[in-house]
Amino acid sequence: MPVETTLSSKDDPPKLDVRNRLSPTPFAVRHRVLVSALALLVTVLAGFVGHDVASLTSSGGLVPPDAESLRAEELLNRGFGAGTPDLIALARVRAPGRDVDAPEAAAAARLVEERLGSDREVTRVSSYWSTASANLRSADGRAALILAWFRGDEAETARIADRLTPRIAGRTGPLTVSVGGEAAVRAMVDRQSARDTRTSELVALPVTATLLLLVFGSMVAAALPVAVGVFAVLGTTAVLRALSDHTHVSVYALSISAALAFALTIDYSLFLVSRFREERRKGQDSTRALHTTMHTAGRAVAFSAATVACGMATLLVFPHPMLRSIACGGVVVTAMAALGSLVVLPAALALLGDRLERFDVFARRRRASATTRPQDREPLGAWGRIAMVMMRHPLAAGIPVVCVVLLLAAPFTQARFSAFDDRVLPVGADSGRVGDALREDFPDGALRATTVVLPQLDGRTRAGELDDYARRISLLGRVARVHTATGVYRAGSNVAAPTPESARFLATPGAYLSVVTRGDPTDPEVAQAIRKLPSPALIRVGGPGARVADVRGPIAARLPLALTLVALTMFVLVLALTRRPVLAIKALALNTLSLCATFGALVLVFQQGHLRWLVGDFPVTGTMDVLLPIVVFCIAFGLSMDYECILLSRIVEEHRTGADTVTAVARGVDRTGRLFTWSATILAAVMVALATSGLIFLKAVGVGLALAALLDATVVRGLLVPAVMRLAGRANWWTPTRPRKAKTAGSVRDRRWWIGRVMGSDMAARSALVKSTATRLGRANRRSSA
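For clarity, every value in this text was computed on a predicted model and none was experimentally measured.

*Asks:* Before we move on, could you go through the overall build of the protein and cite the residues and values that matter?
*Replies:* Scanning the protein from N- to C-terminus turns up 26 helices and 13 strands. Within the protein, the fraction of its 786 residues that count as buried is 54%. Partitioning the intrachain contacts of the protein with sequence separation of at least 6 by distance along the chain shows that 78% fall at a separation of at least 24. Only carbon and sulfur atoms are counted for the fraction: they give 61% of the accessible area of the protein, which is about 33800 Å².

*Asks:* Go over the sheet that holds strand 7 (residues 450–454), please, and point to the residues and values.
*Replies:* By way of backbone hydrogen bonds, the strands of a sheet pair with one another, either parallel or antiparallel. Read from one edge of the open sheet, six strands run 10-9-8-11-7-12, paired in antiparallel fashion. Either end of the sheet is taken by a strand with one partner, and the two such strands are strand 10 (493–496) and strand 12 (540–542). Between one strand axis and the next, the sheet turns by 25° as a mean value, whatever way the strands run. In the packing of helix 4 (residues 68–80) onto the sheet, contacts are made with strand 7, strand 11 (511–517) and strand 12, and the angle to strand 12 comes to roughly 95°.

*Asks:* Give a description of the confidence of the model for the protein that names residues and reports values.
*Replies:* On average, residues of the protein score 82 in pLDDT, and 88% of them reach the 70 mark or higher. Confidence drops under a pLDDT of 50 for residues 1–22, and excluding neighbours within four residues, the segment shows 45 contacts in the predicted structure. Scored below 50 in pLDDT, residues 370–377 shows eleven contacts in the model against residues more than four places distant or in partner chains.

*Asks:* Can you break down the packing of helix 8 (residues 182–216) against helix 10 (residues 251–281) residue by residue, with the values?
*Replies:* Interaxial distance between helix 8 and helix 10 falls to 9 Å at its minimum, and their mutual angle equals 10°. The angle between helix 8 and helix 10 falls in the class roughly parallel. Two secondary-structure elements touch here, helix 8 through Val 189, Asp 190, Ser 193, Thr 197, Glu 201, Leu 205, Thr 208, Leu 212, Val 215 and Phe 216 and helix 10 through Val 251, Tyr 252, Ser 255, Ala 258, Phe 262, Ile 266, Ser 269, Leu 270, Val 273, Ser 274 and Arg 277. For the contact of helix 8 with helix 10, the per-class residue count stands at twelve nonpolar, six polar and three charged.

*Asks:* Kindly report on a nonpolar patch on the surface, identifying the contributing residues and their values.
*Replies:* On the surface, a nonpolar cluster with roughly 490 Å² of combined accessible area is contributed by Phe 27, Leu 34, Leu 38, Leu 41 and Leu 45. No other element matches the four residues that helix 3 (residues 32–49) contributes to the nonpolar patch. Looking at the element boundaries, Leu 34 is found in helix 3. For Leu 34, a relative accessible area of 46% gives the class partly exposed.

*Asks:* Just give me the short version of the sheet that holds strand 4 (residues 170–172), but keep the residues and values in it.
*Replies:* Spatially, 2-3-1-5-4 is the arrangement adopted by the five strands of the open sheet, whose pairing is antiparallel. If you trace the sheet from one side to the other, it starts and ends with strand 2 (122–127) and strand 4, each paired once. Neighbour to neighbour, the strand axes of the sheet diverge by 25° on average, direction disregarded. Sheet analysis places strand 2 next to strand 3 (residues 143–150), joined by five bridges and oriented antiparallel. Looking across to strand 3, one finds that Ser 127 is bridged to Ile 146. Sitting on the sheet, helix 7 (residues 154–168) is in contact with strand 1 (87–93), strand 2, strand 3, strand 4 and strand 5 (175–180), with an inclination near 140° to strand 3.

*Asks:* Before we move on, could you go through the packing of helix 23 (residues 661–691) against helix 24 (residues 696–728) and cite the residues and values that matter?
*Replies:* The contact between helix 23 and helix 24 brings their axes to 9 Å, and the two run at 170°. Considered as vectors, helix 23 and helix 24 are oriented roughly antiparallel to each other.

*Asks:* How would you sum up the nonpolar core? Please name residues and give values.
*Replies:* Counting 153 residues, the largest nonpolar core has Tyr 252, Ile 326, Met 687, Phe 697 and Val 701 as its most contacted members. Residues within four places of Tyr 252 in sequence aside, it is in contact with Ser 59, Val 189, Met 322, Ile 326, Val 424, Leu 695, Phe 697 and Leu 698. Counting 39 residues, the second largest nonpolar core, distinct from the first, contains Ala 148, Phe 150, Ala 183 and Ala 437.

*Asks:* Give a description of the packing of aromatic side chains that names residues and reports values.
*Replies:* Within the structure shown, the criterion is met by nine aromatic pairs. Put simply, the rings of Phe 80, Phe 505 and Tyr 512 touch in pairs and so form one group of aromatic residues. A cation over an aromatic ring shows up here: Arg 124 above the ring of Trp 149, its NZ or CZ 3.7 Å from the ring centre.

*Asks:* Can you tell me about the environment of Arg 504, naming the residues and giving the values?
*Replies:* In this structure, Arg 504 sits in the loop between strand 10 and strand 11. With 20 residues separating them along the chain, Arg 504 and Thr 484 place their C-alpha atoms 8.6 Å apart. The residues contacting Arg 504, other than those within four sequence positions of it, are Phe 80 and Tyr 512. Polar contacts involving the side chain of Arg 504 include one to the side chain of Tyr 512, which spans 3.3 Å.

*Asks:* Go over the side chain of Ser 679, please, and point to the residues and values.
*Replies:* Here Ser 679 lies in helix 23. Within the structure, the side chain of Ser 679 is placed 3.2 Å from the side chain of Tyr 643, a separation counted as a polar contact. Excluding anything up to four places from it in sequence, Ser 679 contacts Asp 267, Leu 270, Phe 271 and Tyr 643.

*Asks:* Lay out unusual backbone geometry with the relevant residues and their values.
*Replies:* Residue Pro 509 is reached from Thr 508 by a cis peptide bond, and omega for that bond is -15°. Tracing the chain through its elements places Pro 509 in the loop between strand 10 and strand 11. Backbone geometry places Arg 478, a non-glycine residue, at a positive phi of 70°. Turning to its location among the elements, Arg 478 is positioned in the loop between helix 18 (463–474) and strand 8 (479–484). Unlike most non-glycine residues, Leu 611 shows phi in positive territory, near 60°.

*Asks:* Any chance you could break down the environment of Ala 491 for me, citing the residues and the numbers?
*Replies:* Inspection of the secondary structure assignment puts Ala 491 in the loop between strand 9 (487–490) and strand 10. With relative accessibility at 54%, the residue Ala 491 sits in the exposed group. Here the alpha-carbon distance between Ala 491 and Leu 476, two residues 15 residues apart in the chain, equals 8.1 Å. Look past the residues within four positions of Ala 491 in its chain and what remains in contact with it is Ser 474 and Leu 475.

*Asks:* Before we move on, can you summarise the pattern of salt bridges with the specific residues and values?
*Replies:* For the structure shown, the criterion picks out 30 salt bridges. For Arg 531, the salt bridge identified is with Glu 68, shortest N-O distance 3.5 Å. Pair noted here: Arg 531 is in helix 19 (residues 525–532) and Glu 68 is in helix 4, with a separation of 463 residues, a long-range link. Take Glu 68: its relative accessible area is 17%, and that puts it in the buried class. The partner of Asp 245 in a salt bridge is Arg 241, and the shortest N-O contact between them spans 3.0 Å. A network of salt bridges, in which partner residues are shared, links Arg 275, Glu 278, Glu 279, Lys 282, Arg 650, Glu 653, Glu 654 and Arg 667.

*Asks:* Give me the pairing of strand 5: which residues, what numbers.
*Replies:* Burial analysis of strand 5 places five of its six residues in the buried class, which makes it a mostly covered element. Sheet analysis places strand 1 next to strand 5, joined by six bridges and oriented antiparallel. Residue Ala 89 lies in a different strand from strand 5, and its bridge partner there is Val 179. Between strand 4 and strand 5, which pair antiparallel and follow one another directly, the connecting turn spans two residues, one of which, Gly 173, has a positive phi of 60°.

Conventions and cut-offs
- Residues numbered from 1 in each chain as written.
- Predicted model: local features only at pLDDT ≥ 70, side-chain atom pairs only at ≥ 80, totals over all residues.
- Heavy atoms only, no water.
- Helix = DSSP H or I, 4+ residues; strand = E, 2+ residues; numbered from the N terminus.
- Buried < 20%, exposed > 50% of the residue type's maximum accessible area, 1.4 Å probe, protein only.
- Contact = heavy atoms within 4.5 Å.
- Areas by Shrake-Rupley, 256 points an atom, 1.4 Å probe, with all protein chains shown as cover.
- Pairing = 2+ DSSP bridges.
- Axes fitted to C-alpha atoms, helices over the stretch in contact; angles between N-to-C directions.
- pLDDT = per-residue confidence, 0-100.
- Parallel < 35°, antiparallel > 145°, perpendicular 65-115°, else oblique.
- Nonpolar A, V, L, I, M, F, W, Y, C, P; charged D, E, K, R; others polar.
- Patch = residues over 30% accessible without salt bridge, like charges linked within 9 Å, V, L, I, M, F, W, Y side chains within 5 Å.
- Salt bridge = Lys/Arg side-chain N within 4 Å of Asp/Glu carboxyl O.
- Core = buried A, V, L, I, M, F, W, Y, C linked by side-chain atoms within 4.5 Å.
- Phe/Tyr/Trp six-rings, centres within 6.5 Å; stacked < 30°, edge-to-face > 60°.
- Lys NZ or Arg CZ within 6 Å of the ring centre and 35° of its normal.
- Polar contact = N/O pair within 3.5 Å; in protein donor to acceptor, adjacent residues only side chain to side chain.

Structure below.
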C-alpha cells in the first residue's frame, strides 16, 4: 500500500499560515504607490465630472412610464386642452371684508396671468377670473386659482416651475400669491433634497470621524475610512452624472447613495483595518498581515458587498423609474465602496505600515492592554460572555427576545399604502400650503377628480351610450358626481342638463368624464372600480387615484418575484461563503425577523404619527408611501446580510481551527461584536444625518436603515444568532459536499503556495523556485518508494 508521507523539515517550504499560502501578494500591495496615485487621480476627476449632478436629477419617476394614468393625461392635454395643471397659483385677498371678485383683485390676477402667459414654455393659462368657473373659487370667496400648463417632461416642467415661481409668488396688488401644483412640488423637492444632501454630509463627516477616532485611537487610522468614503461618494456622483445623460436619475438616488457610500466604506474599512491590526499584534509583518487580512476579512467584505449590491439590484424588477434609479445608484455605490476598501485601502495600509498608529490618542492605554498571546487563549470580552449566556439557556433566553421583536413588528399589520403628494415637503412649505388649501377651501374637488377618457367614442353621435356610462359610474361607491358632455350625474340620475361649458368634454373624436369622489381623492378604489366597469369604448383612467393604482399595481404584481430573487441570491451568496446550508437558512430567517420589526416601527412613527418629535415634525397622512417599504427592504436586507457574512465568516474560521460550536460562536461573536456595535453606531449616525432631511421619504429611509442596523448588530447578531446556533448544534456544520481525499507530499496546498510565490516573483526567482520544488518533491517521492 502506498504510504502517505510529508516533507521533512529539511525540504519543507517556509512555515506560513495556510491562508497566506493560498494566494500571492495582492496586486494593490505590490503596486501600492501606483494604486494610491491612481485612486487620488480618479477622486479628483470624479469630483470634477460629477460636480453638477444635483442640477440634473429629478424627484419624478414615481409612476411607470407605460402607466394608463399617464396615457390618460396625455390624451387630455392633446385632445381636450384639459389635464392636471403643472402649476397652481393660489391668489388670496389680503384686505379683510374683500373677495376675489373685487375689481382691484381681478386686475392683479390678470397681471399674474400675463406674467405666466408671456413665457414661451407655458402652453396655456387659465384662472377663475378668465373662466368664471366656480370650481376655481374657494368656499369663502377670498381665494381663487390660476392654472398653468408647461411643455416638456417631469424634469423639464419642474425646472420651468422653479424658474417662474419667483416671478409670480408674493404680493401683487391686494393679492398674496402662493405657488403649488405637481411641477412646483417637484421643484421644491429637488431644492430641498440638494440642501439636505449637503447638510447630511456636513453633519455625517465630523460625527463619523469622531466615532472612528474612538474606535481606532489613531488619527491616521481613523482618517483612512473617511478618505475611502470620499473616494466612493465622488466616484458614485460621477457615474450618476454619466447616467443622467441617458436615463432618469432621482434626487432620492443621489441622497441615498451619498449616505450609503460613507456607511459602507466605513463599515468595510472598520473590519479590514481592525483585522490588519489584529494580525500585526500577533507579530506578523505588514505584508503577511495584509495577506491574512485580505484572505479572511477581505473575502468576507467581498461577499458582503455582493449581498448589498444584489439587494439593491432587486429594485430593477420594478418598472418605476425612481426605484430603478435608486437601484443603479445603490449598485454603483456598493461597487465603489468595495473597490475602495479592497484595492485602495490595502495599498494605503501597505504604504503606511507602522505609521498607521501615528497620533494615537489612546497609546498608553493600548500598550497597557496589548498582549501577544494566541487569540484562542484570550479571555472573552463582553459580547463573548453575552453569547455564552444565550447559549447556556437558548430557549429561555431566545424566546423573550423573539417576542420583543415580534411586538415591534406588530404595527406593520396595520400598514396602509398610498403615494406621497405635496405632503412629502416640510410643514409650512409654500407648495404644501397650496395643497392644504385645495383640500380644505375647495371642497368641490374638481381639480383632483378622476378622469375617464374615451378617445374612440364620438360623444355627439353616441350621446346615449355616454349618458348610460356616466349613470353607471355615478352608482359606484364613493362617487359624489360625474361631469361630462351630457350633463351632471349623481346616484344614477342626470341632475343637471348640459351647458355651453359642457362642450369642453368633447373632442373630434373622443369624450371624457370628470368623476368627483368623496373622501381622499388619492384612494385608488374608485379608479380600480371604473377600470373594471364595462365601457362603451376603450377607456383610459387618470387622476390622483389612478396614479396611485398604477404605482401600487406593478409592485403587487412583481413583489413575489423580487422577494424570491432576494432570498435566492442571499442564500446562494451565504452558502458560497460558508458552504453550510443551515447557516444560510438561519441568516435569511433572522434577517426577515429584524426587518419586520423595522417596518413596524416605521408604521408607528410615519403612518400613525407616534414619537414623531424624535425625528422632526412632518405631516401625518395616515398612510405610508407604497415605495418606501420596498426601498428600505432592499437596502436593509443587504446591509443585514453584510453583517451576517462578516460574522459567519469569523465563526466558520474559528470552527475550522478545531473549535466546537459553542466555542466557535462565542469567539466569533466576541471578535466581531465590538466592531458590529461601532459599525452600527456609525452607520446609524450617517442615516440619522439623512433623517434630518425635510423630505418625509428621506427621513423615513434614514430612520428605517438606522433602526435596522442597530437591531441587527445588537439584538440579532449578539443575542439571537448564538441561541439559534446553539439549538442547531452539529447541524450548523452539515455540508452536502463530499470530503476531500488526503493528499501526499505534493499536496494541493503546497503546490498552490509555490504557484503563488512564482506568480509574485521575477523570472529568475520563478525558475529557481520551480527547480527547487521539483527537486524537493522528487526526493520525497524516492524516500516514500524506498
